[in-house]
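Descriptive structure summary
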Amino acid sequence: MARFEGQKWQVPSEVYSAPITLQSGSPWNKTDLEVLLKDNGYRFGRNSQKVGWAARSNTKVSAYLRSYVDHLGYHDSARRIFSFPNGKLSIQTLSGEAVDQAQIEPQRIGFLYGGNTERRQILTFEQIPVSLIDILIAVEDQDFYQHWGISLSGIARAVWVNFTHGSRRQGGSTLTQQLVKNMYLSSERTYTRKLTEVIMSLLLEYHYSKQDIITAYMNEVYLAQVGNSGLHGFAAASQHFFARPLNELNIDELSLLVGMVKGPSLYNPQRSPKRAMSRRNTVLAVLKDQGRLTEKDYQLLIKRPIRLSEKQQSRSVYGDYLDLVSLQLSRDFDEDTLATENLRIYTGLDIRAQQAASIAVRRQVQALEKRDKKLQGLQAAMVITDRDNGQVRAVVGSSGEHYTGFNRALGAVRPIGSLVKPPLYLAAIASGKYTWWSKIEDKRLRFNVGGEVWQPENYDRKLHGEVHLYEAMAKSYNLATLNLATQLGFDRIGQTLRDLGVKRPFTMRPSTTLGALELSPFEVARLYQPIASQGRSSELGVVLAVTDQQDRLIKRFTHNGNVPFTDAALAVTLDGMTKVPEIGTARASKRVFPNVTYGAKTGTTNSQKDSWFVGITGDYSSVIWLGDDDNVPLSITGSSGAQKVWMDFAKTLPQRSLPSSLPNGAFRYSISKDKFEIAAPRCDNKVELAFLVGTQPQESTSCLWPF
């Protein structure tokens, strides 16, 4: 009886995404919102007057959004109207009042199992739908509220059937006996075990109320096998088969789940839909015979098809992110606790970003492999962070459709190529001695490294003479960048990389300034976060908080960090990165997104063994890597490989431009291309550049001929 005191089950910790925030003014279309609501278990009907329901017209969508509890507390349900003027989302109440944002509840993305192989979602008695209790009792144990744990008539009937057939064919079990068998006993069919079951059932009924017993049954009953995990309890089954809370299921759906009790494998609707429908209709017939359904309702319900959720939240989609969650929690929680205590783990995962990233990686890798057979086996990794606060929104660790067990976002440590250049230019800007207008010579240099001469080249094998810093960075000129590094000092470049978050040990050499620095995609994402956020965040966050079964906060995680650069210097650096798609190596993406302002950087390593891309928009900072596990040369560069993945991602998940405003200490000016002067609006030959205050031109030009 001890398992009825305190925690009755060893239940693995559940991992949840961030709420899906719908922001007024953000890029949206009606179809995408409808798909999102459907994927999250919302049903579409003629109106949205019930929680979990939505409705649509030609131009609008209405939805009654669910309430939820997370580490921040209780969030009430809300009915909202969504419209899409000019491709932007507009949110209103029923009375027409404008609303800044609406939220869809966090989605469970997986479990941290440890050694546990059970999937379960615990309900209290108050959370169990009354209709489910009625159906279960009607089908499995009509005398549940009258007996003391056993049914004498049921046992007599079972004895007679077994005696006449000469073997054990029928058990005559009550719900209490079924619970005892599931929780305490083996499944062997012997009279000794049956006697033990009877005695324990009587004791259970003596010590506990019918309410306690039915609640335990609802949480314990085995209903399906999902991979190597057993699916226990009606709540978990509802989410698995219908992607909806149990209290939103219809009578026919509840009847389907109750029907599965008799044979979870035999009546699994995913494996045997016809057999499952037949069993469901048998349950509905029982309800009709007992007067719980009218003949009219019965005829209507048995004709309904079984509509299962198309959404399968499996490790094939979220496995790489779960690796990151497990890695962070391992510092604060032991494996046994995570595997058995049913903790609720709230993360920053963005469902839409994760799905869009997974699709983009798989789709573009397949396209590249199709174009060039030598690229067969091409692998990929992608890390997406919130540009503003550094929360990790999505992780893709391979190009395969299914979770492989090797997470390249964390484990593929490769040279980063030209992705090292923006931090180098940051060091120059922050010194106050250089601006984006400053000029540097793009000329050959020779270095004696370990007794050997190292003389690098530009990618195009050409020399470009004296160039502005913004041109050298945008067009990724190796020689100009190396020249700048020699002026700054290699030690300063190395310290800048460490200040931005590079924790992996490295030796600063001349070649490091051109990308001979090995990092994982996750480490690259951390390196770029201070620049992307303009100093608002310098570390990456994964887990937000952990609560217990009663939603009590156990631990809240923060990822504060500082970098020894001003917000202004970081913002000026990011602004310079917007030149890469405008005039540099990422022009292909600018042709696709001409109206979006974003920063970018491509990267290609020696012999084209690695293809990198960083894209920074108003919403996300994204890092993409493509390469071969055997480190062989490829036929793609950062522009022709990884950039394509980012373009696919940004098309699937439209994003906002970087904010036009700059922090205090930085300002943007139009500069005449002919002379270092601030150009008047009428001037044609000019370029817009960001400067630290005090480093901008001190003179202006009106672009008028003197008379």
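Calculation criteria
- Residues numbered from 1 in each chain as written.
- Predicted model: local features only at pLDDT ≥ 70, side-chain atom pairs only at ≥ 80, totals over all residues.
- Heavy atoms only, no water.
- Helix = DSSP H or I, 4+ residues; strand = E, 2+ residues; numbered from the N terminus.
- Buried < 20%, exposed > 50% of the residue type's maximum accessible area, 1.4 Å probe, protein only.
- Contact = heavy atoms within 4.5 Å.
- Areas by Shrake-Rupley, 256 points an atom, 1.4 Å probe, with all protein chains shown as cover.
- Disulfide = S-S within 2.5 Å.
- Pairing = 2+ DSSP bridges.
- Axes fitted to C-alpha atoms, helices over the stretch in contact; angles between N-to-C directions.
- Phe/Tyr/Trp six-rings, centres within 6.5 Å; stacked < 30°, edge-to-face > 60°.
- Patch = residues over 30% accessible without salt bridge, like charges linked within 9 Å, V, L, I, M, F, W, Y side chains within 5 Å.
- Salt bridge = Lys/Arg side-chain N within 4 Å of Asp/Glu carboxyl O.
- Lys, Arg positive; Asp, Glu negative; His and termini not counted.
- Charge placed at Lys NZ, Arg CZ, Asp CG, Glu CD.
- Parallel < 35°, antiparallel > 145°, perpendicular 65-115°, else oblique.
- Nonpolar A, V, L, I, M, F, W, Y, C, P; charged D, E, K, R; others polar.
- pLDDT = per-residue confidence, 0-100.
- 1 Å grid on protein atoms, 1.4 Å probe; cavity = no way out; pocket = protein on both sides within 12 Å on 5 of 7 lines; lining within 4 Å.
- Points joined across faces, edges and corners; volume = space filled by probe spheres on them.

Scanning the chain from N- to C-terminus turns up 23 helices and 33 strands. Projected onto the principal axes, the alpha-carbon positions of the chain cover approximately 115 × 65 × 45 Å. Taken over 707 residues, the chain has a buried fraction of 55%. Of the contacts formed within the chain by residues at least 6 apart in sequence, a portion of 66% connects residues at least 24 apart. Summed over its atoms, the accessible surface of the chain is roughly 31,800 Å², and 48% of this surface lies on carbon and sulfur atoms.

Take the environment of leucine 375 next. Its place among the elements puts leucine 375 in the loop between helix 13 (351-371) and strand 17 (379-386). Residues leucine 375 and proline 564, spaced 189 residues apart in sequence, show a C-alpha to C-alpha distance of 42 Å. Residues contacting leucine 375, with those up to four places away along its chain left out, are Leu368, Glu369, Leu634, Ser635 and Ile636.

A full pass over the atoms with the stated rule returns 1 disulfide. A disulfide bridge connects cysteine 683 with cysteine 703, and the sulfur atoms are separated by 1.7 Å. Across the S-S bond of cysteine 683 and cysteine 703 the torsion is about 110°, and the bridge reads as right-handed. Residue cysteine 683 is found in the loop between strand 31 (678-679) and strand 32 (686-692), and its partner cysteine 703 is found in the segment after strand 33 (700-701); the two are separated by 20 residues along the sequence. On the basis of relative accessibility, which here comes to 40%, the residue cysteine 703 falls in the partly exposed class.

Here we come to the sheet that holds strand 3 (residues 43-44). The strand order across the open sheet built from 6 strands is 3-4-5-8-9-10, with neighbouring strands paired in mixed fashion. The open sheet has two free edges, formed respectively by strand 3 and strand 10 (98-99), since each of these has just one partner strand. One ladder, built from 6 bridges, connects strand 5 (residues 60-65) with strand 8 (residues 78-83); its direction is antiparallel. Residue pairing in the sheet places tyrosine 64 in a bridge with arginine 79 of strand 8. Strands in contact with helix 1 (residues 30-39) are strand 3, strand 4 (53-56), strand 5 and strand 8; relative to strand 5, the strand with the most contacts, it is inclined by about 25°.

Within the secondary structure, lysine 50 sits in the loop between strand 3 and strand 4. Note on lysine 50: relative accessible area 58%, which makes it exposed. Sequence separation between lysine 50 and valine 283 is 233 residues, and the spatial gap between their C-alpha atoms is 26 Å.

Once that is clear, we can look at the packing of aromatic side chains. Per the counting criterion, the structure on display carries 13 aromatic pairs. Taken together, a centroid distance of 5.5 Å and an interplanar angle of 40° make the contact between phenylalanine 613 and tryptophan 646 tilted. Taken together, the residues span a long stretch of sequence, with phenylalanine 613 in strand 28 (residues 610-616) and tryptophan 646 in helix 23 (residues 638-652) at a distance of 33 residues. Phenylalanine 613 sits in the buried class, given a relative accessible area of 0%.

A grouping of Lys475, Arg587, Arg591 and Lys673 is seen on the molecular surface, where their side chains present a positively charged patch. Along the chain, the position of lysine 475 falls in the loop between helix 16 (469-474) and helix 17 (478-488).

Let's shift gears to a negative patch on the surface. A cluster of acidic residues, Asp334, Glu335, Asp336 and Glu341, forms a negative patch at the surface. Here aspartate 334 shows up in the loop between helix 11 (315-329) and helix 12 (335-340).

We now examine helix 8 (residues 251-260). Of all 10 residues making up helix 8, 9 are buried, and the element is well covered by its neighbours. Every buried residue of helix 8 is listed here: Asp252, Glu253, Leu254, Ser255, Leu256, Leu257, Val258, Gly259 and Met260. Packing partners of the buried residues in helix 8 comprise strand 3, helix 2 (130-140), strand 14 (222-226), helix 7 (234-242), helix 9 (273-289) and helix 10 (295-302).

What follows deals with the side chain of arginine 43. With respect to the helices, strands and loops of the structure, arginine 43 is situated in strand 3. Not counting residues within four places of it along the chain, the set of residues in contact with arginine 43 comprises Gly52, Trp53, Ala54, Arg244, Glu248, Leu249, Asn250 and Glu253.

The contact between helix 17 and helix 18 (residues 490-499) brings their axes to 6 Å, and the two run at 100°. The orientation of helix 17 with respect to helix 18, classified from their angle, is roughly perpendicular. Between helix 17, through Leu482, Ala485, Thr486 and Leu488, and helix 18, the contact on the second element is made entirely by Phe490, Arg492 and Ile493. Residues belonging to the contact of helix 17 with helix 18 are distributed by class as follows: 5 nonpolar, 1 polar and 1 charged.

Okay, the confidence of the model for the chain next. For the chain, the mean per-residue pLDDT works out to 89, and 91% of the residues sit at or above 70. Taken as a whole, residues 165-171 scores under 50 in pLDDT and shows 15 contacts with residues more than four places along the chain or in a different chain.

Below, the discussion takes up the sheet that holds strand 25 (residues 543-547). If you walk across this open sheet you meet the 5 strands as 12-1-16-25-26, and the pairing is mixed. A single partner strand is all that each edge strand has here, and the edge strands are strand 12 (108-112) and strand 26 (553-556). Direction aside, neighbouring strands of the sheet carry axes that sit 20° apart on average. Of the pairings in the sheet, the one linking strand 1 (residues 13-16) to strand 12 comprises 4 bridges and is antiparallel in character.

The next point concerns empty space enclosed by the protein. Inspection of the entire model under this criterion finds 1 cavity of 30 Å³ or more. Counted as a void, the largest cavity has a volume near 40 Å³. Around the largest cavity sit Ile429, Tyr434, Thr435, Trp436, Val572, Ala690, Phe691, Leu692 and Thr695, which together line it. Top contributing element to the lining of the largest cavity by residue count: strand 32, with 3 residues.

This next bit is on the pattern of salt bridges. For the structure shown, the criterion picks out 25 salt bridges. For aspartate 332, the salt bridge goes to lysine 555, with nearest N and O atoms at 3.8 Å. Of the two residues, aspartate 332 is situated in the loop between helix 11 and helix 12 and lysine 555 in strand 26; the sequence distance between them amounts to 223 residues. The exposure class of lysine 555 is partly exposed, given its relative accessible area of 30%. Across the pair arginine 656 and aspartate 619 runs a salt bridge whose closest N-O atoms are separated by 2.7 Å. Highlighted residues: arginine 656 in the loop between helix 23 and strand 30 (666-672) and aspartate 619 in the loop between strand 28 and strand 29 (620-627), separated in sequence by 37 residues. According to the relative accessible area criterion, aspartate 619 is buried, its value standing at 16%. Connected through shared salt-bridge partners, Glu14, Arg108 and Arg344 make up one network.

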